[in-house]
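A structural walkthrough
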Amino acid sequence: MSEVHDRSASFAQGLELIQRLGGVERPAVLDLFASIGEAEFGEQCVGFIYGDVYHRPGLPLPDRQLATVAALTALGYAGSQLQFHAKAALNVGCTRRQLVETVIQISSFAGFPATLNALGELKALFEGLPADESPVETADVPWAGIEDRYERGLAAMKAVDGDAGEKVAEALQDIAPDLATYIIEFTFGEIYSRAHLSLRHREIVTIAACVALGTALPQLKVHIHGLLNVGGTEQEVVETVLHLAFYCGFPAALNAIAAAREVFAQR
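Owing to the predicted nature of the structure, the values given are computational and were not obtained by experimental measurement.

**Focus: unusual backbone geometry**
Not every positive phi belongs to a glycine, and His196 is a case in point at roughly 80 degrees. Given the relative accessible area of 13%, His196 is considered buried.

This is the structure we're talking about:
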């Protein structure tokens, strides 16, 4: 009896949240499951994901939505879900600029085709919405005032990755030194130094993309270190990975948790 009650309570809590996220009374996902004779499973999914997991402490709701948008961008095949969660991000206080910056941040990790597809989904969502008046951030950053993008990139990479980024660059010198230059100049000099998304948020969404890709465990470890280096917590790392299990799959989440365990042990 208590299990039935718990399921019912989780579904009620999940339904309330998904209504808030989607801005509609009847979530389309419930109709989809019902249309194939799986209404009960649909309610179980809403109760478990939105009623239980989304309500875990340690990762605020706006951060969960940015991480979800990043993961769906990296996956590259979930345009409808990307639009839903981008809208949800707006509904819980994220800005249009934060969403655009999240997708741009992922370009170096998931590639430009995935980025262009995601920006197309955002464009479709934004049409008809009022202009985003987000002020430009003026945070005190290590690269402030550095005009040369290579030097600016080095400063950003040092702030995020510490010595790990430099070691990656050094490891490429004997085979592809230009690749190291591209990473420093473009990924860090041009993208990480952009406004509207904090370094903490950039590392959360980068972790999300690496989890979703499933093929970037060494880079995932670097960016777990990076999140901790810029003020994130181990709990935020774990909660980001647990949250993404339902979007990227449990195998990807298990691999990412194993990577996180290694990083935590090293620090």
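**Some remarks on the packing of aromatic side chains**
On inspection of all chains with the given rule, the structure shows six aromatic pairs. Here Phe246 and Phe250 contribute two aromatic rings whose centre-to-centre distance is 5.5 Å and whose plane-to-plane angle is 85 degrees, an arrangement assigned as edge-to-face. Using a relative accessible area of 24% as the deciding quantity, one classes Phe246 as partly exposed. Look at Phe250 and you get partly exposed, because its relative accessible area is 48%. Within the aromatic cluster, the residues linked to one another by ring pairs are Phe48, Phe246 and Phe250. Positioned above the aromatic ring of Phe126, the side-chain terminus of Arg96 is 4.4 Å from the ring centre.

**With respect to the pattern of salt bridges**
Applying the stated criterion across every chain, the model contains 15 salt bridges. One salt bridge connects Glu101 with Arg97, and the closest N-O pair in it is separated by 2.9 Å. Taken as a pair, Glu101 and Arg97 lie in helix H6 (residues 96–110) at a separation of four residues, close to a single helical turn. The exposure class assigned to Glu101 is buried, which follows from its relative accessible area of 2%. Arg97 gets classed as partly exposed once you look at its relative accessible area, which sits at 29%. A salt bridge links Arg149 to Glu190, with the shortest nitrogen-to-oxygen separation between them at 3.3 Å. A residue pair is termed long-range when its members are at least 10 positions apart, and Arg149 in helix H8 (residues 149–161) and Glu190 in helix H10 (residues 177–192) qualify at 41 residues. When its relative accessible area of 35% is taken as the criterion, Arg149 is described as partly exposed. Classification of Glu190 by relative accessible area gives partly exposed; the value is 30%. Beyond isolated ion pairs, a larger network of salt bridges with shared partners links Arg97, Glu101, Arg194 and Arg202.

**Quick notes on the side chain of Gln65**
The residue Gln65 is located in helix H4 (residues 61–75) in this model. Taking relative accessible area as the criterion, Gln65 reaches 0% and is therefore assigned buried. Not counting chain neighbours up to four residues away, the residues in contact with Gln65 comprise Leu21, Tyr54, His85, Ala88, Ala89 and Val92.

**Some remarks on the environment of Cys210**
Tracing the backbone shows Cys210 in helix H11 (residues 199–213). Assessed through its relative accessible area of 3%, Cys210 is described here as buried. Spatially, the C-alpha atoms of Cys210 and Leu122 are 21 Å apart, while their sequence positions differ by 88 residues.

**A closer look at the environment of Gln105**
Looking at the element boundaries, Gln105 is found in helix H6. In this structure, Gln105 is in contact with Ile191, Tyr192, Arg202, Val205 and Thr206, ignoring residues within four places of it in sequence. A polar atom in the side chain of Gln105 sits 3.0 Å from the side chain of Thr206.

**Quick notes on H4**
Look at H4: 21 Å from first C-alpha to last across 15 residues, which is about the 21 Å you get at 1.5 Å a residue. Extensive coverage of H4 is indicated by the burial of 14 of its 15 residues. At the exit of H4 stands Gly76, carrying a positive phi of roughly 80 degrees.

**Focus: the side chain of Thr115**
With respect to the helices, strands and loops of the structure, Thr115 is situated in helix H7 (residues 112–126). A relative accessible area of 5% places Thr115 in the buried class. If we skip the residues at most four places from it in the chain, Thr115 touches Val103, Ile106 and Ser107.

Definitions and limits used
- Residues numbered from 1 in each chain as written.
- Predicted model: local features only at pLDDT ≥ 70, side-chain atom pairs only at ≥ 80, totals over all residues.
- Heavy atoms only, no water.
- Buried < 20%, exposed > 50% of the residue type's maximum accessible area, 1.4 Å probe, protein only.
- Phe/Tyr/Trp six-rings, centres within 6.5 Å; stacked < 30°, edge-to-face > 60°.
- Lys NZ or Arg CZ within 6 Å of the ring centre and 35° of its normal.
- Salt bridge = Lys/Arg side-chain N within 4 Å of Asp/Glu carboxyl O.
- Helix = DSSP H or I, 4+ residues; strand = E, 2+ residues; numbered from the N terminus.
- Contact = heavy atoms within 4.5 Å.
- Polar contact = N/O pair within 3.5 Å; in protein donor to acceptor, adjacent residues only side chain to side chain.
- Expected span 1.5 Å × (residues − 1).

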